[in-house]
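# A closer look at the structure
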Amino acid sequence: MAAAEEETEKTYIWEGDYERTWEAIKEDESGSLQTVVDDIIHRAKRRRLLDRPANVRLGMMRHLFVVLDMSKSMEDQDLKPNRLASSVKLLEHFIEEYFDQNPISQIGVLTTCNKRAEKLTELGGNPKRHIAALQKCVDQPCSKEPSIQNSLELAATTLRHMPGHASREILIILGSLTTCDPGNIHETIKAMKDLNVRCSVIGLSADVRVCRKLCDETKGTYGVILDEHHFKELLLEHVTPPPATTNTESSLIRMGFPQHQIHTEKNKIEQPSMCMCHMDSKGSQGFSTSGYFCPQCRSKYCELPIECKACGLTLVSAPHLARSFHHLFPLDLFQEIQVVDLQDTDDRFCLACQAEFRDQTVYRCPRCEKLFCIECELFIHESLHTCPGCTSCRPKRTFTTFHQ
Amino acid sequence: MLHHLNKVAVIASHTNRSQFLYPTREPSPSSQDVDESRYQNIPRDGKYEHFAKVDDTVFKEVKQLITGQEEELHSDTLLAGSLAMALCYIHRLEKEAAAGEKLKPRVLVIKAADDSASQYMDFMNIIFTAQKQNIVIDACILDKESGLLQQACDITGGIYLKILQRTGLLQYLLWVFLPPVKTRSKLALPPAIHVDYRAACFCHRTLIDIGYVCSVCLSIFCTFSPICTTCHTAFKFRGPPMRAKKKKKITAVENVI
């Protein structure tokens, strides 16, 4: 919560001090700028990791509505081929990453055009359905103006009924500078705040005061893109679970853990059956002998995670829950040390990749005191989430209460 | 031997350490030791030089590892650490590869020891990273079955095999684990085993079909309890939803009257 207060005091960049960026860039011995550029990139990445507050409760089960603006301003070609196509392509990537990092969460997609809002896909956990629907809407015409109020209220009708322990979020991708609303949008903003919905906006044109107010009131984030690369970064920031608000209840959720079984009767003959997820489809997809059987009502499904249509039990497998563990137990940041400060007893090699240290800064893990190079440090913190040094020695670690 | 550009690295997973057996750490080319050792290692029996180098290095390093330090030995091995080092090494090689060249990395684990229970979470992180980087993990098990490696092979698309006859180890390695991933679909390989993905509850460590999951820390319990033992959050006790509906019906009837 302290971080949120700091954000309200942030001023615009032109109001701050004058930054002499040309002084930061220096050529190295061979006259190339590459090392300085790499250094700046690395520092930016590390700063982002540092900004994330530790020991904050995260909303692990997320219900996110993505609102895609389909108004006239999305036909603008400042993003290639036009804003709509570029947004759809990045959203597809976002949806895949989202389900990768939050396997037990759900997404729904809304579009807004012509001063109204429409539901493109319902809240669900199957990424292919959302991606297919998004690809179809690239061909639809963009017209007139969007309506933020209508899309917020449409999303709220579904989010209202979601259980209290799940986080409720809305992400609006807004290309226009206006919104055409039927009523007072400030009342809608207040209603969102009361419903505990976290609204974030990614603006494609410029900073709009209404959006900033919406995000500030609901504790969301507001970003305006500079280019496509920045757009991707802003989108991917929403993949990680946000800090949970104080109103989020914590409860025990009943879940089933089905096994992949081959359906057999008492006399052990394999019997094919139709699965519940493809029951409405016209093809013969889903007609097979094996699948996951809900432990409560024995209905068959071919993929997990899914919510059982017959009895309402959420079905997951243990690796799905395990995928979210690294958010809950994040890896400590490594300490930066200069090569010249290393003692003689330390190796000159990175423990993980066995390469000799070429850069000036190396990183030391605070727990196991082993040294790593920049590349491995980035890989460890962004993808791997475990320190090879700590896992290679017998635990004097203290965070293994989990498994005892 | 399948392709002249293939490269191999060997990592030993000792009870207290993980160490690269091959390739050994290369000092920078400016040191003088390199020239001398090059002259010493010329093989004399007509063997392909590269193979001779691998053999000798692995032999020497294993000998050094076993006779070197005398620490207490445990029956389980720190596999997660070795796998993490392997993934970092693959990452480094992918970065150093020329632009446009694609590596098809895979990891073979030859294991006889027990699983280490405290490494579950690190192991799962490593498995998901390997899956994302398209790295296939194969497992060749000599002695005891390993649930963690079964899950690893299933998730990354590798082969899990428990060797039935130890004398035939070379044959198993050549037949099952040598072919690259693309040709595996054309070969008649041992069938995939059924992996048990059921979760174990945190209180009794029994496998459960239906359980309760804490929404804050995702720990799994078999029975409802008012406080989560891992994150110590108190849960609101929810009464069965039937009662609320009955109340509504009664008030509706009262209103009518």
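In this text, all values refer to a predicted model and were calculated from it rather than measured experimentally.

## Some details on the overall build of chain B
- Secondary structure assignment for chain B yields 7 helices and 7 strands.
- Going from the N terminus to the C terminus, chain B shows its helices and strands as β-β-α-α-α-β-α-β-α-β-α-β-β-α.
- Here chain B holds 257 residues, and 36% of them are scored as buried.
- Within chain B, counting contacts between residues at least 6 apart in sequence, those at least 24 apart form 54% of the total.
- Accessible area for chain B stands at about 16,500 Å²; split by element, carbon and sulfur atoms hold 57% of it.

## Considering the nonpolar core
- Formed by 77 residues in total, the largest nonpolar core has its most connected members in A:Phe372, B:Phe123 and B:Leu149.
- The residues touching A:Phe372, leaving out its near neighbours within four places in the chain, are A:Phe334, A:Cys350, A:Leu351, A:Ala352, A:Phe357, A:Val362, A:Tyr363, A:Cys365, A:Ile380, A:Cys387, A:Pro388 and A:Gly389.
- Grouped together as the second largest cluster of nonpolar side chains are 29 residues, A:Phe99, A:Cys137, A:Ile173 and A:Leu204 included.

## Some details on the interface of chain B and chain A
- If you look at the interface, chain B gives 67 residues, while chain A gives 60 residues.
- Around 5,900 Å² of area is buried between chain B and chain A when both sides are counted, 60% of it from carbon and sulfur atoms.
- Taken together, chain B and chain A are joined by 2 salt bridges.
- Between A:Glu97 and B:Lys132 there is a salt bridge whose closest N-O contact spans 3.7 Å.
- Our count for the chain B to chain A interface comes out at 4 residue pairs in polar contact (both at pLDDT 80 or more).
- Listed by contribution, the elements that provide at least two residues to the side of chain B that touches chain A are β2 (18-22), α3 (79-96), α4 (120-132), α5 (147-156), β6 (210-214) and β7 (220-221) of chain B.

## Re the sheet that holds strand β4 (residues 136-141) of chain B
All names here are of chain B.
- With parallel pairing, the 3 strands of this open sheet are ordered in space as β3-β4-β5. At either margin of the open sheet sits one strand with a lone partner, and together these are β3 (106-111) and β5 (160-162). When the angles between neighbouring strand axes are averaged without regard to direction, this sheet yields 10°.
- Alignment of β4 against β5, held across 3 bridges, turns out to be parallel. If you follow Ala139 over to β5, its bridge partner there is Tyr160.
- On top of the sheet, helix α6 (residues 169-177) reaches β3, β4 and β5; it is set at about 155° to β4, its chief contact.

## Points about the confidence of the model for chain B
Residue and element names in this part refer to chain B.
- The pLDDT averaged across chain B works out to 72; a share of 69% of its residues lies at or above 70.
- Every residue in residues 27-41 scores below 50 in pLDDT, and together they form 4 contacts with partners more than four places removed in sequence or on other chains.
- Low confidence marks residues 241-252, where pLDDT is under 50. Its contacts with residues over four positions away, or in another chain, come to 0 contacts.
- Predicted complex, confidence summary: ipTM 0.73, pTM 0.74.

## Observations concerning the side chain of B:Lys111
- Mapped onto the elements, B:Lys111 comes out in strand β3.
- Dropping the residues within four chain positions of it, B:Lys111 is found in contact with B:Thr77, B:Leu79, B:Cys140, B:Ile141, B:Leu142, B:Asp143, B:Ser146 and B:Leu149.

About the criteria used
Residues numbered from 1 in each chain as written. Chains lettered and ligands numbered in written order. Predicted model: local features only at pLDDT ≥ 70, side-chain atom pairs only at ≥ 80, totals over all residues. Heavy atoms only, no water. Helix = DSSP H or I, 4+ residues; strand = E, 2+ residues; numbered from the N terminus. Buried < 20%, exposed > 50% of the residue type's maximum accessible area, 1.4 Å probe, protein only. Contact = heavy atoms within 4.5 Å. Areas by Shrake-Rupley, 256 points an atom, 1.4 Å probe, with all protein chains shown as cover. Core = buried A, V, L, I, M, F, W, Y, C linked by side-chain atoms within 4.5 Å. Buried area = accessible area lost by both parts, 1.4 Å probe. Salt bridge = Lys/Arg side-chain N within 4 Å of Asp/Glu carboxyl O. Polar contact = N/O pair within 3.5 Å; in protein donor to acceptor, adjacent residues only side chain to side chain. Pairing = 2+ DSSP bridges. Axes fitted to C-alpha atoms, helices over the stretch in contact; angles between N-to-C directions. pLDDT = per-residue confidence, 0-100.

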